[in-house]
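Here are the chains, one letter per residue:
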Amino acid sequence: GQAAGFSIHRMTERVDQGDILVRTVVASPEQCGRHYPRYLAASEARESDALRGLLGEIARRGALPAPALPQGPGSWNRSPTLAEIRHWRHQGWTL
């Protein structure tokens, strides 16, 4: 499996279509198993720290940072579709 993480986007009219300002890997499948609530617990503090850091950078610079480049393992995808969520459940993920 792939590592899971989150991204913070510039807001646009369409979900997940704005420039990505922050990308962070939170956990690997080995760390969370097939248990989505465990992943959410692992990501909670990382997400709030990333958002505070981004807001601090914007306040210091007076502008948004340049879009983030991919870092670390894995690919960066949009939010999952209902079909993907069903597939994960079928594979035994706890969602």
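These numbers come from a predicted model, not from an experiment.

What counts, and where the lines are drawn
Think of each chain on its own: its residues are numbered from 1, step by step along the sequence as written. The model is predicted, so local features are restricted to residues of pLDDT at least 70 and side-chain atom pairs to those at 80 or more, both for listing and for counting; the totals for chains, interfaces and linings are taken over all residues. Neither water nor hydrogens contribute to the side-chain values; these are computed over all heavy atoms in the structure. Strands are runs of DSSP state E lasting at least 2 residues, helices are runs of H or I lasting at least 4, and numbering of each runs from the N terminus. Contact between two residues is taken to exist if any of their heavy atoms lie within 4.5 Å; hydrogens are not considered. Using a 1.4 Å probe, accessible areas were evaluated by the Shrake-Rupley method; residue-level cover was limited to the displayed protein chains. In a helix, the anticipated span is given by 1.5 Å times the number of residues less one. The reported bend at a residue is simply the angle between two axes, fitted to the 7 residues ending at it and to the 7 residues beginning with it. The buried label applies to any residue whose accessible area, calculated with a 1.4 Å probe on protein chains only, is under 20% of its type's maximum; exposed applies above 50%, and partly exposed to all values in between.

### Things to note about the overall build of the protein chain
- What the protein chain contains, in helices and strands, is three helices and two strands.
- When the helices and strands of the protein chain are read in sequence order from the N terminus, they spell out β-β-α-α-α.
- In the protein chain, once contacts between residues fewer than 6 apart in sequence are set aside, the share between residues at least 24 apart is 52%.
- Carbon and sulfur atoms make up 53% of the accessible area of the protein chain, which amounts to about 7,000 Å² in all.

### Describing helix α2 (residues 36–61)
- The terminal C-alpha atoms of α2 lie 36 Å apart, and with 26 residues this matches the ideal 38 Å at 1.5 Å per residue to within 8%.
- Within α2, the axis deviates most sharply at S43, by approximately 35°.
- For α2, the full list of buried residues reads Y39, S43, A50 and L54.
- Positive backbone phi, approximately 75°, marks G62, located one or two places after α2.

### A closer look at the environment of P67
- Summarising the element assignment, P67 is placed in the loop between α2 and α3 (82–90).
- Distance from P67 to R10, taken between C-alpha atoms, is 8.9 Å for residues 57 residues apart in sequence.
- Sequence-distant contacts of P67, defined by excluding residues within four places in its chain, comprise D19 and I20.

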